[in-house]
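A structural walkthrough
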Amino acid sequence: MNKQGYNQYKQNSIYTASPEELTLMLYNGLIKFIMKAQFSISKSDIEGANGNILRSQAIVTELAATVDEKYEISTSLIALYDYMNRRLIEANMKKNSEILEEVLTYAKQFRDTWEQAMRIAKQPAKKDAVGI
């Protein structure tokens, strides 16, 4: 597949994704850019590390903006996103792969939990014991 065709496919998948799938895409993107930043740091590519960490920060900011604040857990979730963002800033200033690893761990946990929630939500409702 040529690059233009692939880019068109990616764009179409974003436009047709459900909100749940878009959130999953954000988590996957966050993981990807953190890992790319780690690789850049290992190769002393300061510019590449900076760019990938900035992309990671943008994704964390977007995730925080999508939190529905009507739920009790929202405050804690926003605080975690804020913490991740602050750690990304610190990792960028210090070009520290260990800090990125910490944020990557959180990102993977969020992604895995989100995937599990999506699977549970897709399951058909079970009938109670009397068959109603």
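Treat the numbers as computed from the prediction; the structure is a model and nothing was measured.

1. With respect to a nonpolar patch on the surface
Residues I14, Y15, L22 and M25 make up a contiguous nonpolar surface patch of roughly 390 Å² in combined accessible area. Positionally, Y15 belongs in helix α1 (residues 3–16).

2. Describing the packing of helix α2 (residues 19–42) against helix α5 (residues 97–122)
Between α2 and α5, the shortest axis-to-axis distance is 9 Å and the interhelical angle comes to 160°. Classed by the angle they form, the pair α2 and α5 counts as roughly antiparallel. In this structure, α2 crosses over α5, and the sense of that crossing is left-handed. When the residues that make up the contact of α2 with α5 are grouped by side-chain class, the tally is 15 nonpolar, four polar and six charged.

3. Here's the deal with the packing of aromatic side chains
Taken as a whole and judged by the stated rule, the model has three aromatic pairs. Between Y81 and F110, the aromatic rings sit 5.3 Å apart at their centres with planes inclined by 40°, giving tilted as the arrangement. Placement of Y81 in helix α4 (residues 74–94) and of F110 in helix α5 is noted, with a sequence separation of 29 residues between them. Classification of F110 by relative accessible area gives buried; the value is 16%. Arranged with centres 6.1 Å apart and planes meeting at 85°, the rings of Y83 and Y106 form a pair that is edge-to-face.

4. Side note on α2
Spanning 24 residues, α2 covers 35 Å between terminal C-alpha atoms, matching the ideal 34 Å at 1.5 Å per step. Packing partners of the buried residues in α2 comprise α3 (46–65), α4 and α5. After α2 finishes, the residue S44 shows a positive phi value of roughly 55°.

5. With respect to the environment of N92
Mapping N92 onto the fold places it in helix α4. For N92, a relative accessible area of 10% corresponds to the buried category. Separated by 43 residues in the primary sequence, N92 and A49 have C-alpha atoms spaced 7.4 Å apart. In this view, N92 contacts A49, N50, I53, L54 and Q57; residues no more than four positions away in its chain are not counted.

Rules behind the numbers
- Residues numbered from 1 in each chain as written.
- Predicted model: local features only at pLDDT ≥ 70, side-chain atom pairs only at ≥ 80, totals over all residues.
- Heavy atoms only, no water.
- Patch = residues over 30% accessible without salt bridge, like charges linked within 9 Å, V, L, I, M, F, W, Y side chains within 5 Å.
- Areas by Shrake-Rupley, 256 points an atom, 1.4 Å probe, with all protein chains shown as cover.
- Salt bridge = Lys/Arg side-chain N within 4 Å of Asp/Glu carboxyl O.
- Helix = DSSP H or I, 4+ residues; strand = E, 2+ residues; numbered from the N terminus.
- Axes fitted to C-alpha atoms, helices over the stretch in contact; angles between N-to-C directions.
- Parallel < 35°, antiparallel > 145°, perpendicular 65-115°, else oblique.
- Left-handed = near helix turned anticlockwise from the far one by under 90°.
- Nonpolar A, V, L, I, M, F, W, Y, C, P; charged D, E, K, R; others polar.
- Phe/Tyr/Trp six-rings, centres within 6.5 Å; stacked < 30°, edge-to-face > 60°.
- Buried < 20%, exposed > 50% of the residue type's maximum accessible area, 1.4 Å probe, protein only.
- Expected span 1.5 Å × (residues − 1).
- Contact = heavy atoms within 4.5 Å.

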